[in-house]
Every structure is written in C-alpha cells, then in structure tokens.
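Understanding the architecture of this molecule
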Amino acid sequence: MSVLLGVGMAFSSLTAGMDTTSMSSATMAAFGQGGGADVETEFVQYVEEDLVAIQQEEQVAIDTFNQLVSDPNVQAGTLVSTMESEVLPRYEKVVNGLKLIEPEAEELKNIHQTYVSASEKQFEALTKVYQAVNNQEEALLDESDALFMEAETMLLEYETKLQTLASEYGMEYTSPYVQ
C-alpha cells in the first residue's frame, strides 16, 4: 500500500490546514459604488453563500481521501470501499453542485468555470485512484498524480483570479489557498 502514499500529494499540500469556512468567512469589504456594484454584490454572494456548503462537502471528501492514502496500514479493501461509499459520491456531489452555480457577471462566470474544470479534474484523479486499487493497475496511479497536479494548478489559477477580481472592484479577499 505504500505506493499510494504519494497519490494526491499535490492536492493535499494545497489544502493542508485549510479551514473549511475560510472562504465563507473571507475578508470582504466593498468600497465604492457605480458600475461595479452588481459584480461586487454577486462576488460576495458567490464567496459567502453559493460556495459554502459545496466547499464543506469538498473538504470532507478530500480529508477522508487524504487520511486513507496517508495511512501506511490501510488495506486495499478498505480504501476501495471507502472511496466507493464516501469519497467518490461526495466529490461527485461537489462537481454537480458547482455546475449548478451560474454567475451572471461575465468576469465571475469565467473564474467559476475554472473552479468547475479543476473539480472535474480532481474527480477524475480520485476515480483513477479508485480504479488503480480496485483493479490492481498501478499505472493508473501515475495518471492520477498528473491529474491531481493539473487540478492544483487550476485551483491556484482560480484563486488568483478571484483575488484579482476583488482588487479590481476595491474589495479585499483572502484566499484559503493563495497566501
């Protein structure tokens, strides 16, 4: 099972120590009015309301996964059954929930699509881990690692774009990912 210790390290390093409420309690202060008011309002709703439950579900799925793959004594059967019963259904719920969010502001819509794509990539990586262990196909672990790294890159891009958008509208946004 030691081969699984490296799986998901890219994402787990990204989310290590992340508070599940970090985004919902992100520091938000809107300054100024005018043409950006709709984007500002939508941004705050997006970060403070739309994403909260989804990100909590995501955190549970990722924490469960990280506990599994970091345990040197975990049995393949336990990993497969937990992935099948907990991790994959939870993460699929995350992806589906993100797809239901449809920001109106074009700037936010584009940023959100990056998050959706990153989550789809993350789900694909998790699925590959499950398949690798379930079917004893070690080559799939390399594929999953590459997918985790792509997802991490996309999540960092997403968070950077959120910070940039907040700055453009005179708001302060503290990302749980980008420091």
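Up top is the structure these notes are about.
Scoring rules and cut-offs
Residues numbered from 1 in each chain as written. Predicted model: local features only at pLDDT ≥ 70, side-chain atom pairs only at ≥ 80, totals over all residues. Heavy atoms only, no water. Helix = DSSP H or I, 4+ residues; strand = E, 2+ residues; numbered from the N terminus. Buried < 20%, exposed > 50% of the residue type's maximum accessible area, 1.4 Å probe, protein only. Contact = heavy atoms within 4.5 Å. Areas by Shrake-Rupley, 256 points an atom, 1.4 Å probe, with all protein chains shown as cover. Salt bridge = Lys/Arg side-chain N within 4 Å of Asp/Glu carboxyl O. Core = buried A, V, L, I, M, F, W, Y, C linked by side-chain atoms within 4.5 Å. Expected span 1.5 Å × (residues − 1). Bend = angle between axes of the 7 residues up to and from the residue. Axes fitted to C-alpha atoms, helices over the stretch in contact; angles between N-to-C directions. Parallel < 35°, antiparallel > 145°, perpendicular 65-115°, else oblique. Left-handed = near helix turned anticlockwise from the far one by under 90°. Nonpolar A, V, L, I, M, F, W, Y, C, P; charged D, E, K, R; others polar. Phe/Tyr/Trp six-rings, centres within 6.5 Å; stacked < 30°, edge-to-face > 60°.

**Here we look at the overall build of the chain**
Helices and strands together make up the secondary structure of the chain, namely six helices and zero strands. Counting from the amino terminus, the chain carries its helices and strands in the arrangement α-α-α-α-α-α. Per-residue burial over the chain gives 48% buried out of 179 residues. The long-range share in the chain, meaning contacts at least 24 apart out of those at least 6 apart in sequence, stands at 76%. Accessible surface, the chain: about 8,600 Å² in total, of which carbon and sulfur atoms supply 48%.

**Overview of the pattern of salt bridges**
All told, the structure shown has six salt bridges when counted by the stated rule. Across the pair R90 and E57 runs a salt bridge, and its minimum N-O distance is 2.9 Å. You can see R90 sitting in helix α4 (residues 76-100) and its partner E57 sitting in helix α3 (residues 52-70), a full 33 residues away along the chain. A residue is classified by how much of its surface remains accessible, and E57, at 16% relative accessible area, is buried. Here K128 ties to E143 by a salt bridge, and the two come within 3.0 Å at their closest N and O atoms. Remark: E143 occurs in helix α6 (residues 139-168) and K128 occurs in helix α5 (residues 106-135); sequence separation between them is 15 residues. The exposure class assigned to K128 is buried, which follows from its relative accessible area of 17%.

**Quick look at the environment of V94**
Its location among the elements puts V94 in helix α4. For V94 and A61, which are 33 residues apart along the polypeptide, the C-alpha to C-alpha distance reads 9.1 Å. In contact with V94, other than residues within four places in its own chain, are I54, E57 and E58.

**So, unusual backbone geometry**
Residues other than glycine seldom take positive phi values, yet Q136 does so here, at roughly 55 degrees. Secondary-structure assignment places Q136 in the loop between α5 and α6. Taking the relative accessible area as the measure of exposure, Q136 reaches 73% and is therefore exposed.

**What about the nonpolar core?**
Among soluble globular proteins, nonpolar side chains are generally buried collectively. F43, Y46 and M83 are the most contacted members of the largest nonpolar core, which has 44 residues in total. Contributions of two or more residues to this core are made by α2 (37-50), α3, α4, α5 and α6. Per element, the largest residue contribution to this core is ten residues, and it comes from α5.

**Topic: α4**
With 25 residues, α4 should reach 36 Å at 1.5 Å per residue; the first-to-last C-alpha distance of 34 Å fits that figure. Largest kink in α4: about 50 degrees, centred on M83. By the burial criterion, the buried members of α4 are L79, V80, T82, M83, V87, L88, Y91, V94, V95, G97 and L98. Summarising the contacts, the buried residues of α4 are in contact with α3 and α5.

**Notes on the packing of α5 against α6**
How two helices pack is summed up by the angle between their axes together with the distance between the axes. Interaxial distance between α5 and α6 falls to 8 Å at its minimum, and their mutual angle equals 160 degrees. Taken together, the axes of α5 and α6 are roughly antiparallel relative to one another. For α5 against α6, the interelement crossing comes out left-handed. Among the residues making up the contact of α5 with α6, the classes are represented as 18 nonpolar, six polar and eight charged.

**Overview of the packing of aromatic side chains**
Under the counting rule described, the total for this entry stands at three aromatic pairs. On the basis of an interplanar angle of 90 degrees and a centroid distance of 5.7 Å, the ring pair of F43 and Y173 is categorised as edge-to-face. Of the two residues, F43 is situated in helix α2 and Y173 in the segment after α6; the sequence distance between them amounts to 130 residues. With a relative accessible area of 0%, F43 lands in the buried category.

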